[in-house]
Each structure stands twice: as C-alpha cells, then as structure tokens.
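Analysis of the macromolecular model
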Amino acid sequence: MSTPISYRDIKDQGSFAFEPIQYGFSEMGIPLTYFPPSDDCRLLVFAGIHGEEPETTFLLSRALRCLFCPPRHVAIVLCANPDGMLRGTRGNAHGVDLNRNFPALNWSSEPVLTRLTLESPRETRLSPGGGPQSEAETRALLSLLSTLNPRAVIAMHAPIGCVDCATHSPLVQTLESIFELPWKQGLGYQTPGSFGTWAEEASLDCVTLELPRMALELLAANYAQPFATFIAEFY
Ligand SMILES: [Zn+2]
C-alpha cells in the first residue's frame, strides 16, 4: 500500500522533509540539484533561471516546505542558475542569459536586451552564450529533462504577473486560479533560444509562470500553501 500524500500540520517549515539530488554543476562549480518525485515524473517545475528573480526560488521553496513527503509526480528545481542567484545577476557567471541559451531553431548570437525594471527601456545587454547550450546550466537542465521525461514543465519567472502559454490548457487554467493571474499568449517580444521556444519545438508542454510584482512575504502568504497542494496532488 502506498503512503498517502500528506501535509505538514506543524508550524515549523524551516527545512525540507526530503532530500534533493544532484544533476550537474554550474559554471562556477556549484552543485545543481533537484527534488525527485516518489513515482514517475509527469511535471517539472523550475525556478531561478534568472538570478534577478529570487522570489521564484523563495516561493517554490516555501511551497515545498509545506510538504511532509516528496510529491508523487512532480520534480522540483529550486534554482536553475545558482551562480546568478549568488551574484544577484540575471545571467550566469559568464553573463549569459540562460533563457536565451537553449537549442531552439531561432537561437540567435545577437546580444540579449533586457530591462532593469518593468518601466526601464530594454537596453541592458546580456550574452545568449557562445552557441546553443554553451552553458553548463543549460546542458544540465536539458539532460535532466531527458532523464525525467516529464509531460509538462512550469518555468517560473517574475515580475510580469501572468501565465504565459500558447494554449489555454487545464494546467494553465489551474495556475490562473491559484495565482489569480491572467493567461497570455506570449509576452510581446521575441525570445530566441528561450526554454519555452525550445520546449515547443520538442513538443513538451511548457507554461511560463510570471509571478506578480509582490513582496516575498506576501507571495508566500498568498500562494505557498495552494501551490504546495497543487504540487502534491498533481497526477
Ligand atoms: Zn525571468
């Protein structure tokens, strides 16, 4: 008889009730880790691919710390870009925007133009890398996906505040409901070599969850528990 999914009924959520395993190293040599599901992987959720979006890692961590045992079908990467997170940079240690480093057909060697805030002009330059999957973090995530073979992926970003996906799938509708966010089809600008573009070409369902612009405590208070329930009960 399998162990039923249960939730922590105690106040202390300071640490994880289960352990991550390693799937590679960052360019600076930091271990890349993920929390495996207890059964087959049907969904991968990753956060922190942009080091300037620490709220994604924080909220996913808070949700995971609500769980008393590993999710049955969901694998979790808390931080896909630990070098960027440590340095507070959007890119990795090489200044590469990892979300422009995936081997999509439209990968481009042109500099990546990003914004320092939502109101800023798009004039901050990052590198897309020396070529598709030139970066260790990109290759490791691709390898992990190949190993886990999930049917869908949630890529967490911030702070645009929407659920971005080409189709209005049941997964999109669930995330709309949990996070009280609108569905969008694209963000209005080109993203050559992005994870989402690569996933679409690979026929992998990918939803980009853009968290709203909100203080960390409010993000956790509003969304950690419902997100944890979603992760625990996903089938
Ligand atoms: Zn992002």
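Residues numbered from 1 in each chain as written. Predicted model: local features only at pLDDT ≥ 70, side-chain atom pairs only at ≥ 80, totals over all residues. Heavy atoms only, no water.

Attention now goes to the overall build of the protein. From N to C terminus, the protein includes six helices and 10 strands. Taken over the C-alpha trace, the protein has a radius of gyration of 17 Å; the compact-globule value for 235 residues is 18 Å, and the two agree within 12%. Projected onto its principal axes, the C-alpha coordinates of the protein cover approximately 55 × 35 × 35 Å. Taking all 235 residues of the protein together, 51% fall into the buried category. Sequence separation of 24 or more characterises 74% of the internal contacts of the protein that already satisfy a separation of 6 or more. Surface summary for the protein: the accessible area is close to 11,000 Å², and the carbon and sulfur share equals 52%. (Helix = DSSP H or I, 4+ residues; strand = E, 2+ residues; numbered from the N terminus. Rg over C-alpha atoms; globule rule 2.2 N^0.38 Å. Buried < 20%, exposed > 50% of the residue type's maximum accessible area, 1.4 Å probe, protein only. Contact = heavy atoms within 4.5 Å. Areas by Shrake-Rupley, 256 points an atom, 1.4 Å probe, with all protein chains shown as cover.)

Another point: the coordination of the zinc ion. For the zinc ion, the full set of protein donor atoms is His50 (ND1), Glu53 (OE), Glu53 (OE) and His157 (ND1), at a range of 2.0 to 2.3 Å. Geometry at the zinc ion is irregular, judged from the four donor atoms that bind it and their angles of 57 to 149° at the metal. All donors to the zinc ion come from one chain, and their sequence spacing reads H-x2-E-x103-H. Taken together, the positions of His50 in the loop between strand E3 (43–46) and helix H1 (54–64) and His157 in strand E7 (residues 152–157) put the pair 107 residues apart, joining distant regions of the chain. Summarising the burial analysis for this pair, His50 and His157 share the class buried. (Donors = N, O, S within 2.8 Å, 3.2 Å for Na, K, Ca; no water. Tetrahedral: all angles 85-135°; square planar, octahedral: opposite > 155°, others 65-115°.)

The side-chain alternation of strand E2 (residues 31–34) yields one buried face, formed by Leu32 and Tyr34, and one unburied face, formed by Pro31 and Thr33. In the sheet, strand E1 (residues 21–25) pairs with E2 via four bridges, with the strands oriented antiparallel. Looking at the pairing, Gly24 lines up with Leu32 of E2. Turn length for the E1-E2 hairpin, with the two strands adjacent in sequence and antiparallel, is five residues, and the turn residue Gly29 shows positive phi of about 90°. (Pairing = 2+ DSSP bridges.)

Cis peptide bonds are those with omega within 30 degrees of zero, and the linkage from Ala158 to Pro159 qualifies with 0°. Mapped onto the elements of the fold, Pro159 is located in the loop between E7 and strand E8 (160–164). Positive phi, close to 55°, is recorded for Ser203, a residue that is not glycine. Along the chain, Ser203 falls in the loop between helix H5 (195–201) and strand E10 (205–212).

Turning next to helix H6 (residues 216–233). Taking 1.5 Å per residue as the helical rise, H6 with its 18 residues ought to reach 26 Å, and the 24 Å between its terminal C-alpha atoms agrees with that figure. At Tyr223, H6 shows its largest bend, some 45°, and a proline, Pro226, comes one to four positions later. Looking only at H6, the buried set comprises Leu219, Ala220, Tyr223, Ala224, Phe227, Ala228, Phe230, Ile231 and Ala232. Considering only its buried residues, H6 is in contact with E3, H1, strand E4 (74–77), E7, helix H4 (170–179) and E10. (Expected span 1.5 Å × (residues − 1). Bend = angle between axes of the 7 residues up to and from the residue.)

For the coordinates displayed, the defined rule picks out five salt bridges. The salt bridge involving Arg42 is made with Asp40; its shortest N-O contact spans 2.9 Å. Asp97 is paired through a salt bridge with Arg90; the nearest N and O atoms lie 3.5 Å apart. Taking relative accessible area as the criterion, Asp97 reaches 0% and is therefore assigned buried. According to the relative accessible area criterion, Arg90 is buried, its value standing at 15%. One network of salt bridges, in which partners are shared, links Glu53, Arg90 and Asp97. (Salt bridge = Lys/Arg side-chain N within 4 Å of Asp/Glu carboxyl O.)

Let us now look at the pairing of E7. The element E7 is extensively covered by neighbouring structure, given that six of its six residues are classed as buried. Across the two faces of E7 the burial is the same, with Ala152, Ile154 and Met156 and Val153, Ala155 and His157 all buried. Across four bridges, the pairing between E3 and E7 is parallel. Within E7, the position partnered with Phe46 by the bridge is Ala155. Pairing analysis gives six bridges linking E7 to E10, with the strands arranged parallel. Residue pairing for E10: Met156 is matched across the bridge by Leu209.

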